[in-house]
Amino acid sequence: EDARVSLRLNSQLEALLKAHTKIIDNLAGEKQGSQAVAIKNILSDVKNKTEEITKNREHSEGRVSAQAFQNANVNADNKLQEADAAIREAEELIENSETIIHYSARQKALADLGTARQNIADGKLKLGAGDYAGAFIFFQNAVRLAQEINIYISSESKLKLQLNLQGSLLAPFEQQSV
């Protein structure tokens, strides 16, 4: 049970950090001089923490798959259902935020969505071959990517709205009517 909790928390934290890495990276591209250097330093720190969390998650995945060997088929099937639901949620969020977020943010989200779908396809192959632990890990990766997409898109839309509101209360609506 502890390994499952650790896996869930590390996966959510990893998704959060990766999404914020993308946001910070976007901000760095908009800044010049000392601001850009400061943002790049923050970005480096976040990437280092993300790598540490990724290692913790991978360790937890190994512990969970070892513990779950007896019920591996059921666990993998449950994780597949969770991954499918997470991807549907991410797809809906991307679709609903099309006019709210920047084109580049949408493209990054769509690329991650493609990777999540590929993880599900790879997991299904593992499932069919009887490698339930391998399938579980692929499905967990798909869930994490979907979480990352949700965080990234939500944060991007809020950030863009805040930036627009600083200039004009009508800015978001003026952009849509152009």
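This text follows the structure it describes.
The rules behind each value
- Residues numbered from 1 in each chain as written.
- Predicted model: local features only at pLDDT ≥ 70, side-chain atom pairs only at ≥ 80, totals over all residues.
- Heavy atoms only, no water.
- Core = buried A, V, L, I, M, F, W, Y, C linked by side-chain atoms within 4.5 Å.
- Buried < 20%, exposed > 50% of the residue type's maximum accessible area, 1.4 Å probe, protein only.
- Helix = DSSP H or I, 4+ residues; strand = E, 2+ residues; numbered from the N terminus.
- Contact = heavy atoms within 4.5 Å.
- Axes fitted to C-alpha atoms, helices over the stretch in contact; angles between N-to-C directions.
- Parallel < 35°, antiparallel > 145°, perpendicular 65-115°, else oblique.
- Left-handed = near helix turned anticlockwise from the far one by under 90°.
- Nonpolar A, V, L, I, M, F, W, Y, C, P; charged D, E, K, R; others polar.

Undergrad: Could you give an account of the nonpolar core, with specific residues and numbers?
TA: Of all hydrophobic cores here, the largest spans 25 residues; its most connected members are Ile-87, Ile-120, Phe-139, Ile-149 and Ile-153. Where this core is concerned, the elements lending two or more residues are helix H1 (2–30), helix H3 (72–96), helix H4 (103–128) and helix H5 (132–167). At 9 residues, H5 tops the list of elements feeding residues into this core. Contact partners of Ile-153, with chain neighbours within four places excluded, come to Leu-93, Ile-94, Ser-97, Ile-101, Ala-105 and Ala-109. Grouped together as the second largest cluster of nonpolar side chains are 7 residues, Leu-17, Leu-43, Val-46 and Ile-53 included.

Undergrad: Give a description of the side chain of Thr-50 that names residues and reports values.
TA: Locating Thr-50 in the fold gives a position in helix H2 (residues 33–67). Here Thr-50 falls in the buried class, since its relative accessible area comes to 8%. When neighbours within four sequence positions are excluded, Thr-50 is seen to be in contact with Glu-14, Leu-17, Lys-18 and Thr-21.

Undergrad: Account for the packing of H3 against H4, with residues named and values stated.
TA: Following both chains from N to C, one finds H3 and H4 inclined at 160°, their axes separated by 11 Å at the closest point. One element, H3, and the other, H4, form an angle in the roughly antiparallel class. Pair H3 / H4 crosses with left-handed handedness. Judged by residue contacts, Asn-73, Ala-76, Asp-77, Leu-80, Ala-83, Asp-84, Ile-87, Ala-90, Glu-91 and Ile-94 of H3 engage Arg-106, Ala-109, Leu-110, Leu-113, Ala-116, Arg-117, Ile-120, Lys-124 and Leu-127 from H4. Split by residue class, the contact of H3 with H4 holds 12 nonpolar, 1 polar and 6 charged.

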